[in-house]
Amino acid sequence: MSAAVLRVALGNRTLVIGLLLSLVFVGAALVSFAWVPQDVGLMNIPERMKPPSAAHPLGTDHFGRDILSMIMVGARTSIAVAVVAVVIGMGLGVPLGLAAAVRRGSLLDEVIMRGNDLVFAFPSLLIAIMITAVFGPSALNAIIAIGIFNIPVFARLTRGAALSLWTRDYVMAARVAGKGAVRISAEHILPNVTNLLIVQGTIQFSLGILAEAALSYVGLGAQPPIPSWGRMLADSQTMISIAPHMAIFPGMAILLTVLGLNLMGDGLRDLFDPRIRRDRR
Amino acid sequence: MSLLQIEGLNLSIHSFDILHNVSLTVEAGQIVGVIGESGSGKSMTALAVMQLLPEGARAAGSVQLDGQDVLRLSEAELCHLRGRTMGMVFQEPMTALNPIQTIGDQVAETIRVHEKVSKAEAQERARVALARVELPEDRFPMSRYPHELSGGQRQRVVIAMAIALRPKLLIADEPTTALDVTTQAQILKLLKRLVQEDGMGLLMITHDLAVVADMADHLVIMRHGSVVETGPSPDLFRTMQHPYSKALLAASTHQPDRAAQPQEVPLLEVRGVIRDYATARRGIWGKPGTFRAVDDVSFQIRRGESLGLVGESGCGKSTLTRAILGLEEVQAGEILLDGQSVFTGHKANRAVRRRMQVVFQDPYGSFNPRHRVDRLVSEPFYLLDTPPQGAARDAAIAEALESVGLTADDRHKYIHEFSGGQRQRIAIARALIIRPDLIILDEAVSALDVSIRAQILDLLADLGDRMGLTYLFISHDLSVVRQVTDRVLVMQAGKIVEQGDTALIFDAPTHPYTQQLLSATPRLPDTHAA
Amino acid sequence: MLRYVLKRLVSLVISLAVASLVIFLAIEVVPGDPAAYMLGMNAQADTLAALRDQLGLNGSVFERYTSWVGGMLVGDFGTSYTYRTPVAEMIGDRMWISLPLAAYALTLSTVIAFPAGVWAASRRGSAADMGVMGVTQLGVAIPNFWFAMLMVLVFAINLGWFSAGGFAGWEQGFLAGMKSLTLPAIALALPQASILTRVMRSSLLDTLSEDFIRTARAKGLTRRQVLWRHALRNAMIPVLTIIGMQFSFLLAGAIIIENVFFLPGLGRLVFQAISARDLIVVESVVMLLVFAVIMVNFAVDLAYAAVDPRLRGRR
């Protein structure tokens, strides 16, 4: 059975390409803990802003640091921030969505949904601006800002899917068997929304990477000396006419990671639901 | 030359064969009924005539409409024919209309697509068409949107669109299946009248022999994509030759053998039950209103009895069911099973609930697709204080599955591996596993094809005899209720308007609503009944 | 219809009230003593007292909140601590860069996405469809500020078609102002247009598989007529939701993109205010942006009712 699933999965070109691209960057982040081409703390001013060469495949930055190594270490920040933000969003959003669906139309539902609407009016950037104004910039703030924004995304998705599942007869059968709302949510609702959550999780992961890059670009995210992709782009900006490679490679890293995750999300969706998007809205 | 002449029609969709060598004819002014169970290809035949087939469909043979072979026409020529020479009415009136366009505009569009007329003239002719389907403008303004109309009214709008240009052929694909029986009767009468007035041909697709029995001039019986038998109606009911046609007719009127006699002891007592729902507030600071879904309902079910509960959609049957099962609290009255109340305080009484189970209508939505059959079937064990474990549990599951005609090995399968009829057996097994006294059958056979339905009814009768079960049989289908119940309750707008022995009520209904329901119910010709 | 509008109005007022409360709590209450925070650790006691007085920190939290909101209602956003000028004035100048930029980008993305989405949907599965989907896949993945940097490199530095940054000023004329905003608007619009194209396409495909489309075909409408007369307006309902949500992303994006082009908009103002710990300015800018987002979503709610008669209620 799992062999059959694997065969279908491998036959899905979008999924395979997406998975490979994502694995490259996750792999790079993991490898960077053990080995990088050159220590990113090491500055080498005479070698600064050198275009790609054999010694530095992607060139060096304005402090003479190896850009490939910077990208590898920067991947850790991006991935860690985005993953934790997804965990926050799912951890809080899914239970809220399940609860809202159980008490459809109740005060609880109303409060949860209005709260969601409100958070939608605060893009992660605004949340980050407020947190940073009060606590100063850090990668942790980026995580919180992106995580908070993820909560209503998952809450809404879960509620919508759960509402339609609650009208199914098998839920009615479980109620006839004396099961309560919590048990039914755990046994019948949650397992049937997992696929949707996995797909949405991949999408929020990729959006998280974009958001983290934007926040560190404007100085609200990870602070030097921690390398991050957004920071690298900010540093490259004034040098763009003399050292365009400093801007091009970190940007490509973001683009390819996000692309990979998006393709993976699309592929997973097709894998889970071959009857072409019914639940997509 | 016939109006519609289908000859040797073969159809495949993505290389799956759907139709084999289908031939039939429709004359002007004639009603031809095409009957078949699901998968018989009856709807595809209709869509092939309209040439509105799904993507990847390939048709061969000939479909002559008024002298032209529609299979050989270009898309532009087909657009010219659709709506003008042939019109079509679909099954689901709730979704068949554009939700954001007024009904007047939608009917007028048929006219404006085909004829160069002013907007005002098209509106005027749309008004006439709507009046012909009994939606006069003074009561149903043309500025109404579909969501402001009932299902039956929407179906009339669809019919008005189809007949606005007085087409020569009208195709109706299960036009009344989604409607209540009284609405169905009105729509059928309307269609018959329009055929007579316009002299058009009507190709009527249905799964229900009774619907076309007293309406069609000619019948076509289909199975697995082929025509099995054709003949004039109602003679065909007597002269049927093909075993499938005979089986279909037999299944439609099937009467299961029931030996058990109800005892004179009440099992379930419902006394003065009232169930109110809050409705939306009127205005922002207005008070929420209430809607009385169940209004002072009282009845009894005797042990071993099979009691029918009939009524149209929205009459309160489902609410009553939920109240009996202890899923929702009632505002007044009491529900007792063997003298014990279903609710104690605000909590459902477990000891009572474990003596009742339910079987639902939809064989596809009744099971969690992620669980195996053993887990699905054993779910009611949750109601027991000491549910069987290990070997005892396995034995109970095996027994339940075998009692409904499945095997113990089926326990390891997932629900998608079963057909609709098998799933309904599994639903019955799930209901039986804790050996309840009362089983509520909530439209339990309504979604099944007639031949499968007959088997399930036999199974229920047999189980009832063997296990001494009591049934509450809820259905909108009066003919089934007549076949399988001892007594019947008729429910309308939250009230029980009539109750009594099934045979008595069906032969001599006293309440006007019961009379109306019965006269609206389509019946097969009596010729075969003997 | 009136009832629907009233309901939305009530919900608009509640949203604004709750949003302002959240912002107020986050910036003025959570840090404890904002005055001490703004002055840093080495503040003199009398300077601190003076600032507290100026900020009105001596009242209760409730009094401070009501006076803040009351001030905003009459256009008084307080005085910037660092610049010693009324915040309303500072915002007034800069808002006329950020808001037009977001609106420009929203217009561009809508103008691109509609035809692209309709075109792809009407040729589903064709090479054209695959091409559009491929481009949008890239567009969704590209960080907009990086794309902006690349455009500066190509169109400003290498080709010299645009200036690399700065704002001409509206007093130079409408066109000159729009020209300074064109590259930033394109950079902002590309990812949003990609998302919108995909939503438009899938919504249209969903609508085209609905029953009423088949009914319309049975009336004799051609595929094209069905698409334009029946599918498009119905498909707009989910698309409107996305447009509403996009505006908040565009505003956030505008603030970031301003950095790439050295535009003196709200973004520059707020980032400077953050480094100067000027909480009054931060608070006001965030409130203004949230206000804009909530207003746009209110407009979207009204647009729903215009498209969908079911929301207008029974007559």
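Residues numbered from 1 in each chain as written. Chains lettered and ligands numbered in written order. Predicted model: local features only at pLDDT ≥ 70, side-chain atom pairs only at ≥ 80, totals over all residues. Heavy atoms only, no water.

### Concerning the overall build of chain B
Right, so step 1: Counting its secondary structure elements, chain B contains 18 helices and 22 strands.
Right, so step 2: What you see for chain B is a C-alpha radius of gyration of 26 Å, in line with the 24 Å of a compact globule of 530 residues.
Right, so step 3: Overall, the C-alpha framework of chain B stretches about 75 × 60 × 45 Å when taken along its three principal axes.
Right, so step 4: Across the 530 residues in chain B, those meeting the buried criterion constitute 58%.
Right, so step 5: Considering only contacts in chain B between residues 6 or more positions apart, those separated by 24 or more positions represent 69%.
Right, so step 6: For chain B, the exposed surface amounts to about 21800 Å²; the carbon and sulfur share of it is 48%.
Right, so step 7: Where the 55 positive side-chain charges of chain B centre and where its 64 negative ones centre are 5 Å apart. (Helix = DSSP H or I, 4+ residues; strand = E, 2+ residues; numbered from the N terminus. Rg over C-alpha atoms; globule rule 2.2 N^0.38 Å. Buried < 20%, exposed > 50% of the residue type's maximum accessible area, 1.4 Å probe, protein only. Contact = heavy atoms within 4.5 Å. Areas by Shrake-Rupley, 256 points an atom, 1.4 Å probe, with all protein chains shown as cover. Lys, Arg positive; Asp, Glu negative; His and termini not counted. Charge placed at Lys NZ, Arg CZ, Asp CG, Glu CD.)

### Things to note about the interface of chain C and chain A
Right, so step 1: The interface is formed by 48 residues belonging to chain C together with 43 residues belonging to chain A.
Right, so step 2: Of the roughly 4000 Å² buried at the junction of chain C and chain A (both faces included), carbon and sulfur atoms supply 77%.
Right, so step 3: Three residues stand out in chain C for area buried against chain A, namely Phe145, Trp146 and Met149 of chain C, and they jointly supply 16% of the buried area on that side.
Right, so step 4: Across the chain C-chain A interface, the total number found is one salt bridge.
Right, so step 5: For Asp266 of chain A, the salt bridge is made with Arg198 of chain C, and the minimal N-O distance between the two is 3.2 Å. (Buried area = accessible area lost by both parts, 1.4 Å probe. Salt bridge = Lys/Arg side-chain N within 4 Å of Asp/Glu carboxyl O.)

### Observations regarding the interface of chain C and chain B
Right, so step 1: Taken together, the 27 residues of chain C in the interface contact 33 residues of chain B.
Right, so step 2: For the pair chain C and chain B, the two sides together bury roughly 2700 Å², of which 55% comes from carbon and sulfur.
Right, so step 3: The tally of links between chain C and chain B comes to three salt bridges.
Right, so step 4: A salt bridge links Arg229 of chain C to Glu109 of chain B; the nearest nitrogen and oxygen atoms lie 3.5 Å apart.
Right, so step 5: Viewed at the interface, chain B and chain C are joined by eleven residue pairs in polar contact (both at pLDDT 80 or more).
Right, so step 6: If you list the elements that add at least two residues to the side of chain C that touches chain B, you get helix H1 (2-29), helix H9 (211-218), helix H10 (223-261) and helix H13 (309-312) of chain C. (Polar contact = N/O pair within 3.5 Å; in protein donor to acceptor, adjacent residues only side chain to side chain.)

### So, the packing of helix H5 (residues 87-122) of chain C against helix H8 (residues 174-208) of chain C
All names here are of chain C.
Right, so step 1: Contact geometry for H5 and H8: axes closest at 5 Å, N-to-C directions at 35°. As for how H5 packs across H8, the hand of that crossing is right-handed.
Right, so step 2: Considered class by class, the residues forming the contact of H5 with H8 number 25 nonpolar, six polar and one charged. (Axes fitted to C-alpha atoms, helices over the stretch in contact; angles between N-to-C directions. Left-handed = near helix turned anticlockwise from the far one by under 90°. Nonpolar A, V, L, I, M, F, W, Y, C, P; charged D, E, K, R; others polar.)

### As for the nonpolar core
Right, so step 1: Counting residues in hydrophobic clusters, the biggest one holds 187 residues, and the most contacted among them are Phe122 and Ile129 of chain A.
Right, so step 2: In terms of residue count, H10 of chain C provides more of this core than any other element does, 20 residues in total.
Right, so step 3: Core analysis: the next-biggest nonpolar cluster, separate from the first, contains 60 residues, Leu97, Leu130, Ala251 and Leu524 of chain B among them. (Core = buried A, V, L, I, M, F, W, Y, C linked by side-chain atoms within 4.5 Å.)

### Overview of the packing of helix H7 (residues 144-158) of chain C against H10 of chain C
All names here are of chain C.
Right, so step 1: Running from N to C, H7 and H10 cross one another at 30°; their axes reach a closest spacing of 9 Å. Put simply, H7 runs roughly parallel to H10. The handedness of the crossing between H7 and H10 is right-handed. Of the residues in H10, those touching H7 at Asn144, Phe145, Ala148, Met149 and Val152 are Gly253, Ile256, Ile257, Val260 and Phe261. (Parallel < 35°, antiparallel > 145°, perpendicular 65-115°, else oblique.)

### Regarding the sheet that holds strand S5 (residues 68-69) of chain B
Residue and element names in this part refer to chain B.
Right, so step 1: The sheet built from four strands is open, its strands ordered S2-S1-S4-S5 with antiparallel pairing. One side of each edge strand has no neighbouring strand; the edge strands of this open sheet are strand S2 (16-26) and S5.
Right, so step 2: With respect to the sheet, helix H1 (residues 42-50) is in contact with strand S1 (4-13), S2 and strand S4 (57-65), its orientation differing from that of S1 by roughly 110°. (Pairing = 2+ DSSP bridges.)

### A few points about the packing of aromatic side chains
Right, so step 1: For the coordinates displayed, the defined rule picks out nine aromatic pairs over all chains.
Right, so step 2: Arranged with centres 5.6 Å apart and planes meeting at 35°, the rings of Phe155 of chain C and Trp161 of chain C form a pair that is tilted.
Right, so step 3: Through a chain of ring-to-ring contacts, three or more aromatic side chains come together here, namely Phe24, Tyr65 and Trp68 of chain C.
Right, so step 4: Against the face of Tyr382 of chain B rests Lys179 of chain A, its NZ or CZ located 5.5 Å from the ring centre.
Right, so step 5: Lying across the ring of Phe162 of chain C, Lys179 of chain C places its NZ or CZ 5.6 Å from the centre. (Phe/Tyr/Trp six-rings, centres within 6.5 Å; stacked < 30°, edge-to-face > 60°. Lys NZ or Arg CZ within 6 Å of the ring centre and 35° of its normal.)

### Let's talk about helix H10 (residues 317-324) of chain B
Residue and element names in this part refer to chain B.
Right, so step 1: Most of H10 sits out of view: six of its eight residues are buried.
Right, so step 2: Listed as buried for H10 are Lys317, Thr319, Leu320, Thr321, Ala323 and Ile324.
Right, so step 3: One or two steps after H10, the chain reaches Gly326, where phi turns positive at roughly 80°.

Interpretation note: all reported values are geometric properties and have no functional meaning in isolation.
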